[in-house]
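Residue strings, one per chain:
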Amino acid sequence: RPMIQLRKVTKRYPSGQEALSGVSLRLDAGAMAFLTGHSGAGKSTLLRLIALLERPTRGRLVVNGHELETLPRRRVPHFRRQIGLVFQDHHLLADRSVFDNVALPLAIQAYRQPEIARRVRAALDKVGLLHKERAAPDTLSSGEQQRVGIARAVVHKPAILLADEPTGNLDPELSREIMDLFVQFNQVGTTVLVASHDLDLISRLGKPLVRLHEGRLQRETAGSAA
Ligand code: ADP
Ligand code: ADP
């Protein structure tokens, strides 16, 4: 079953820059792939289109059964909850504890406090930071901060996890740990797409690579072709 499907997707920004040109791509439910390519190749744009943070200029996107072009506006918040987003900069709130940062996506929904606590602790446990729930983000190492960002992205159990250069600020050892976490979430059923230009790091994981070059799909390995 396709979880993410793009058909001839083109994205041209108001500046005139064509960030993606006729990209077709399919990622099945439960799959994991890496999105790679030089800086400016269109990786972020592709992730932002899947998360509905941007709209395509042309082409079709179907994500977890939702036809994005015709998705009613009132359905967008529900749609976004099916996606967890991890960024290079984790955007943690400095004046809130680790616990409160991870709880943020749940707080805006009508969860009861015990349910929030249960889910937050489950997410922190998965990234190995249960013991840091009371800490302030700036007392953590950069690798730990990124793991808090990942816990926040998965706390609502999204079907899809998207990450944009999640190891961009980390040394090789910490980068491997972060990538291993994504593999673990994939192993329990989450569909994972990670943008990274670090080929040394991602090639050892044996997952399909989707390569972008100047907004065009360059090569895909078997299993991810549309
Ligand atoms: P990558 O993530 O691979 O570095 P991006 O998707 O960020 O690539 O960018 C692809 C191209 O689109 C680049 O030329 C970039 O400058 C341009 N671009 C990205 N975002 C915008 C924007 N909001 N407005 C105009 N151009 C943009
Ligand atoms: P509008 O499109 O009317 O400006 P949206 O609710 O679609 O309002 O989103 C506004 C901005 O909020 C988005 O461009 C995005 O940057 C951010 N945003 C909304 N939902 C999410 C989400 N789930 N994850 C990350 N960023 C989000």
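In what follows, the accompanying structure is described. (Residues numbered from 1 in each chain as written. Chains lettered and ligands numbered in written order. Predicted model: local features only at pLDDT ≥ 70, side-chain atom pairs only at ≥ 80, totals over all residues. Heavy atoms only, no water.)

**Things to note about the site of ligand 1**
Note the cut-off: Here a residue counts as near a molecule or strand whenever at least one of its heavy atoms sits within 4 Å of it. Here a polar contact is taken to be a pair of N or O atoms separated by no more than 3.5 Å, where protein atoms must pair a possible hydrogen donor with a possible acceptor and residues adjacent in sequence count only if both atoms sit in side chains. For the accessible areas, the method is Shrake-Rupley and the probe is 1.4 Å, while residue cover comes only from the protein chains on display. The numbering of helices and of strands both runs from the N terminus, where a helix is a DSSP run of H or I of at least 4 residues and a strand a run of E of at least 2. Just so you know the grouping, Ala, Val, Leu, Ile, Met, Phe, Trp, Tyr, Cys and Pro go in nonpolar, Asp, Glu, Lys and Arg go in charged, and all remaining residues, Gly too, go in polar.
In the vicinity of ligand 1, the contacting residues are Y13, S15, Q17, A19, H38, S39, G40, A41, G42, K43, S44 and T45. Within the side chain of T45, a nitrogen or oxygen atom sits 2.6 Å from an oxygen atom of ligand 1. For ligand 1, whose accessible area on its own is 560 Å², the fraction buried by protein is 64%. Here the shell around ligand 1 gets 3 residues from one element, more than from any other, and that element is helix α1 (residues 43-50). Split by residue class, the shell around ligand 1 holds 3 nonpolar, 8 polar and 1 charged.

**Here we look at the site of ligand 2**
As a matter of local geometry, ligand 2 sits amid L53, R73, R80 and L85. Between ligand 2 and the protein, one listed contact pairs an oxygen atom with a side-chain N or O atom of R73 at 2.8 Å. Within the contact set of ligand 2, a nitrogen atom lies 3.0 Å away from a side-chain nitrogen or oxygen of R80. Summarising the interface, the protein chains cover 37% of the accessible area of ligand 2, which totals 550 Å² for the free molecule. In terms of residue class, the shell around ligand 2 is built from 2 nonpolar, no polar and 2 charged.

**Quick notes on the packing of aromatic side chains**
Selection rule: Note on aromatic pairs: the rings of Phe, Tyr and Trp (six-membered ring only in Trp) are paired at centre separations within 6.5 Å, and the planes decide the class, stacked below 30 degrees, edge-to-face beyond 60, tilted for the rest. Charge-over-ring placement is defined geometrically: NZ (Lys) or CZ (Arg) within 6 Å of the ring centre, and within 35 degrees of the ring normal.
Here the structure, examined in full by the defined rule, presents 0 aromatic pairs. Taking NZ or CZ as reference, R134 lies 5.5 Å from the ring centre of F99, over its face.

**Quick notes on the packing of helix α5 (residues 142-154) against helix α6 (residues 172-187)**
Axis angle and axis distance: for two packed helices, these are the angle between their axes and the distance between the axes, and together they describe the pair. Put simply, the rule reads: Angles run from 0 to 180 degrees between N-to-C directions of axes, and those axes are lines fitted to C-alpha atoms, restricted for helices to the stretch in contact. Here roughly perpendicular refers to angles of 65 to 115 degrees, roughly parallel to angles under 35, roughly antiparallel to angles over 145, and oblique to all remaining angles. What makes a crossing left-handed is the near helix being turned counterclockwise from the far one by less than a right angle; a clockwise turn instead makes it right-handed. When checking whether two residues touch, look at their non-hydrogen atoms; a contact exists if any pair is within 4.5 Å.
As a packed pair, α5 and α6 sit with axes 10 Å apart at the nearest point and diverge in direction by 15 degrees. As far as their axial angle goes, α6 and α5 are roughly parallel. Between α5 and α6 lies a crossing of right-handed hand. Here S142, G143, Q146, R147, I150 and V154 of α5 come into contact with α6, specifically with L174, E177, I178, L181, F182 and F185. For the contact of α5 with α6, the per-class residue count stands at 7 nonpolar, 3 polar and 2 charged.

**Description of α6**
For an α-helix, 3.6 residues make a turn, and residues three or four places apart therefore share a direction. So the rule is basically this: The span one expects for a helix is its residue count, reduced by one, times 1.5 Å. Buried residues are those whose accessible area, probed at 1.4 Å on protein chains only, stays under 20% of the maximum for their type, while exposed residues exceed 50% and partly exposed ones sit between those limits.
Between its terminal C-alpha atoms α6 stretches 22 Å, which fits the 22 Å expected from 16 residues at 1.5 Å a residue. Considered for burial, the residues of α6 that qualify are S175, I178, M179, L181, F182, V183, F185 and N186. Put simply, D171 is the residue that caps the front of α6, since its side-chain oxygen is 3.2 Å from the backbone nitrogen of E173. Looking one or two places after α6, you find G189, whose phi comes out positive at around 110 degrees.

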